[in-house]
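Geometric and topological summary
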Amino acid sequence: MNKNSINKGFRFWLAFYAGRLTAFICRLFRLSGTSLPGAVALRICPQLLFYLAPAYEKVIAVTGTNGKTTTTNLISYFLRQAGVPVIGNGEGANMINGVVTALIKDCNFFGAAQSRTAVLEVDEGSVGKILPAVKPDLIVVTNYFRDQLDRYSELDHIIALLRKTIDHLPETELLLNADDPLAVAVGRGRTAVRYYGVAGERDCKELEENEIREGGFCPDCGELLTYDYYQYCQLGDYRCTKCSFKRPEPDFLALDVDDSDLLHFSLYLQNKNTGEQEPQKGNLDLHSQLRGFYNVYNILAASAAAMLIGVPQQIIERSLPDYSTATGRLEQFIYQGRPCTLGLIKNPIGVNEVIKTILPQEGKKAFLIAINDLAGDGKDVSWLWDADFEKLDQSMVSKVVCSGRRAAEIAVRLKYAGFTASKIVLEPGCRESLDVLGLQKADQYYILASYTSLFNYAKLLRKRGKAVAKNADQSLPSLS
Amino acid sequence: MRIRACHLYPDLLNLYGDRGNLLVFCRRAQWRDIEVDVDQFLLGDRGDFNGYDFIFIGGGADSRRTLVLKNLEKIAPFIVDAVEEGTVLLAVGLGFQLLGRYIKAENGDVIAGAGVFDACTEMDSSRSVGDILLEGTADLQDELKKAGNIDITTLIGFENHSGRTYLGEQGKPLGRVIKGKGNNGEDGTEGACYKNAFGTFLHGPVLAKNPHFADLLLVKALSPQEEISLAPLDDSLEILAHNTMKKRLI
Ligand SMILES: [Zn+2]
């Protein structure tokens, strides 16, 4: 059937042009406009997504807690490198308004889609609205960590919601993180499921006392899972002692991970029938400019997704080293003549991974931590107490500037993490806090900001200093 | 001086930064040269709570309720004994609900709690989420004044709980809600007190933004009977965090 043959009524066109007009006005006034056009259009025609989505030959959806944006952007990047025109909402606007905005912008004036493939980042809470309309060919699940619980209340609800949604999408293939029992729970009872995972044992150590373990329970019988090793949090090689649930053998397996600086690892395609690796299919040797162990999962998921939709392995292997980060995922700047790293922090797992990435780097460091509590950040900031600020080596930290609407609470958190009063400065304002940071004598600056202040810092740093990441995505994500 | 503390189910009930409460408790003791030993009490552990001065139980996802209750049943009498003896106890969120008389699930099943507090919880689809400000009850204000040197009578935190909790005839609240929902969003009560046991829905963690409350627990843990006084600390950051949020809520 010609997917384009859906009869679009008057309401569709009214909504479509209202959305186009809003996008035009946003551009005119230099607003970011990644959500507003979709919001306007959806007010007129709530079913708009059902009309727009069939224009695409392939739709890939990425959902989960952490790593959605990086994974989405990487899949789009691989597809473009393979010569496939791609549209996506890879700017973090991942609720229905953002998805509709992206698709409206992809159409020409006559409503015809310009791209053939859509790669969509889908907010965990929005899967029920978006997925039934776009009917993805492939859904990628990154992981389920505790994140902004005031918005979603509990992980169980999110997973139940996705399971209920895909019950009505029997054709959709799933690509799940084998190392995360919560992600694996999504695919229980389905046949078209592929898994990716990272081979142990990264540290071969027991779970550290303060690390958070959320969801290390059997999805089938509720028993506490037994682990042979952990990667981080509940990710690892697990099994249930009461029933048959265990980590599925990954189809896509990362081996020999080197995360001491820029990432490097091998990707093996495993033949599950024999359990043997298939070197004749080629083991990919992957080098990336990304840092941080958590990015191994993002690269792995994106490479696997790209291969599943037909991107040749050589293209992935050859193009990955040229890819660098989009706004906010540890972006590099020069500020006051010093290297300055800007990173998004939104939950304890993210903070812990950022800290692990920063720690091995030599030299004196000055930090700026900015936490807001607006809807886009999550209104509850108590997660700051679940993050291991204790791990920051005091002797290497010259100062921490605390900023944002919750500046005082960051300061309190750091005080109880063992920072002396002389190392803590309070400066709630964005510009002012950056001024104070710029006065600190240090070898490197690090700015860790929650969502709504991140882009203000990025903007200021581009103005006052300079961005050094090549291929950096310059567009500013907006709130959805 | 030395305090023995017990953390109940740290791996299961560890939501919303609640483990920060023990960190704050320990640090504020250490800064006054008081040592705190913390034992973890895990699923499957048995035994009484003799010898503990402070027991802490935190919040968790509702899905953990049955798993914890199975075990809690067995140790409930020991917790009740300890509280009757004057042991200090702080229960937050789900931990507070579990230590009430019962929880009535959405499907009508009634599950018995540990019975430390005269409170019962009825689960429904309602959820109370947001910043919350309390005025301590007159009794609590008295105790706060006696225990410490921080002149604050309000408590501040972030509530995030489902269902409604009601105090029974013997139940005394921790405070009156000025802003937020509290126990049930109806009667203006928040939390519960019984002897030296305190239950609350305040996360944040509650002791971090309420150093006066932390010191009250510390004083009681050091000496349940006699009054003692603690050396004052520089609490300007904690008080700033408390007052900044308070100003926004009033
Ligand atoms: Zn099981």
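That block above? That's the structure.
Rules used throughout
Residues numbered from 1 in each chain as written. Chains lettered and ligands numbered in written order. Predicted model: local features only at pLDDT ≥ 70, side-chain atom pairs only at ≥ 80, totals over all residues. Heavy atoms only, no water. Contact = heavy atoms within 4.5 Å. Salt bridge = Lys/Arg side-chain N within 4 Å of Asp/Glu carboxyl O. Polar contact = N/O pair within 3.5 Å; in protein donor to acceptor, adjacent residues only side chain to side chain. Helix = DSSP H or I, 4+ residues; strand = E, 2+ residues; numbered from the N terminus. Pairing = 2+ DSSP bridges. Axes fitted to C-alpha atoms, helices over the stretch in contact; angles between N-to-C directions. Donors = N, O, S within 2.8 Å, 3.2 Å for Na, K, Ca; no water. Tetrahedral: all angles 85-135°; square planar, octahedral: opposite > 155°, others 65-115°. Buried < 20%, exposed > 50% of the residue type's maximum accessible area, 1.4 Å probe, protein only. Parallel < 35°, antiparallel > 145°, perpendicular 65-115°, else oblique. Left-handed = near helix turned anticlockwise from the far one by under 90°. Nonpolar A, V, L, I, M, F, W, Y, C, P; charged D, E, K, R; others polar. Core = buried A, V, L, I, M, F, W, Y, C linked by side-chain atoms within 4.5 Å. Domains from an automatic or database assignment.

**Some words on the interface of chain A and chain B**
Across the contact, 34 residues belong to chain A and 36 residues belong to chain B. Across the contact surface, chain A and chain B share six salt bridges. The residue R19 of chain B makes a salt bridge to D386 of chain A at a minimum N-O spacing of 3.6 Å. Applying the counting criterion to the chain A and chain B interface returns 12 residue pairs in polar contact (both at pLDDT 80 or more). Those elements giving two or more residues to the side of chain A that touches chain B turn out to be α7 (149-152) and α13 (407-416) of chain A.

**Re the sheet that holds strand β11 (residues 192-194) of chain B**
All names here are of chain B. Taken together, the six strands give an open sheet; going across it, the order is β2-β1-β3-β4-β12-β11, and neighbouring strands pair in mixed fashion. Looking at the sheet topology across the chains shown, the edges are occupied by β2 (35-41) and β11. Across the sheet, the mean angle separating the axes of adjacent strands is 15° when strand polarity is ignored. Pairing analysis gives four bridges linking strand β1 (residues 2-8) to strand β3 (residues 54-57), with the strands arranged parallel. If you follow L8 over to β3, its bridge partner there is I57. Where helix α6 (residues 211-222) meets the sheet, it contacts β1, β3, β4 (88-92) and β12 (197-200), and its direction lies at approximately 145° from that of β4.

**Re the coordination of the zinc ion**
Residues and elements named next belong to chain A. The coordination sphere of the zinc ion, as far as protein atoms go, consists of C218 (SG), C221 (SG), C240 (SG) and C243 (SG), spread over 2.2 to 2.3 Å. Coordination geometry of the zinc ion: the four donor atoms subtend angles of 100 to 121° at the metal centre, consistent with an arrangement described as tetrahedral. The class for C221 is partly exposed, based on a relative accessible area of 40%. On the accessibility criterion, C240 (7% relative accessible area) is buried.

**Overview of the packing of helix α4 (residues 68-81) of chain A against helix α10 (residues 294-308) of chain A**
Two numbers describe a pair of packed helices, the interaxial angle and the distance between the axes. Residues and elements named next belong to chain A. Two elements in contact, α4 and α10, have axes separated by 9 Å at closest approach and are oriented at 40°. Overall, the two elements α4 and α10 adopt an arrangement that is oblique. Once α4 is placed against α10, the crossing between them reads as right-handed. Contact residues: α4 offers T70, T71, L74, I75 and F78, while α10 offers N295, N298, I299, A301, A302, S303, A305 and A306. Tallied by class, the residues present in the contact of α4 with α10 amount to eight nonpolar, five polar and no charged.

**Things to note about the sheet that holds strand β9 (residues 252-258) of chain A**
All names here are of chain A. Sheet architecture is open: nine strands sit in the order β2-β3-β1-β4-β5-β6-β9-β10-β11, paired in mixed fashion. Two strands in the sheet have a free side with no partner beyond their single neighbour: β2 (86-88) and β11 (284-287). For this sheet, the mean angle separating the axes of adjacent strands, direction not counted, is 20°. Relative to strand β3 (residues 117-121), α4 is tilted by about 165°, and along the sheet it contacts β1 (58-63), β2, β3 and β4 (138-141).

**Here we look at the nonpolar core**
Formed by 117 residues in total, the largest nonpolar core has its most connected members in F389 of chain A together with F54, L90 and F213 of chain B. The leading source of residues in this core is α10 of chain A, at 11 residues. Residue-level mapping places this core at the junction of two domains, with at least three residues from each of domain 1 (58-84 + 125-322) and domain 2 (329-467) of chain A. Core analysis: the second largest hydrophobic core is formed by 53 residues, V127, I166, A183 and C218 of chain A among them.

**Examining unusual backbone geometry**
Residue and element names in this part refer to chain B. Omega for the peptide link from G204 to P205 comes to -10°, which places this bond in the cis form. Among the secondary structure elements, P205 is positioned in the loop between β12 and α5 (206-209). Unusually for a residue other than glycine, D33 sits at a positive phi of about 60°. Here D33 falls in the exposed class, since its relative accessible area comes to 64%.

**Remarks on the environment of Y445 of chain A**
Residues and elements named next belong to chain A. Mapped onto the elements, Y445 comes out in strand β17 (residues 444-449). Spatially, the C-alpha atoms of Y445 and R338 are 7.0 Å apart, while their sequence positions differ by 107 residues. Beyond its immediate chain neighbours, meaning those up to four positions away, Y445 contacts Y335, Q336, R338, P339, C340, T341, A366, L437, G438, L439 and Q440. Here L437 takes part through its backbone oxygen, which lies 3.2 Å from a polar atom of the side chain of Y445.

**Things to note about the environment of N50 of chain B**
Residue and element names in this part refer to chain B. Following the sequence through the fold, N50 ends up in the loop between β2 and β3. According to the relative accessible area criterion, N50 is exposed, its value standing at 60%. Along the sequence, N50 and F78 sit 28 residues apart, while their C-alpha atoms lie 8.5 Å from each other.

**Details of the pairing of strand β14 (residues 365-370) of chain A**
Residues and elements named next belong to chain A. A large share of β14 lies buried, amounting to six of its six residues. Residues K365, F367 and I369 point to one face of β14 and A366, L368 and A370 to the other, with burial holding for every one of them. In this structure, β14 lies alongside strand β15 (residues 397-403), joined through six bridges in parallel fashion. Bridge pairing links A370 to S403 in β15.

Coordinates in, geometry out; function isn't part of it.
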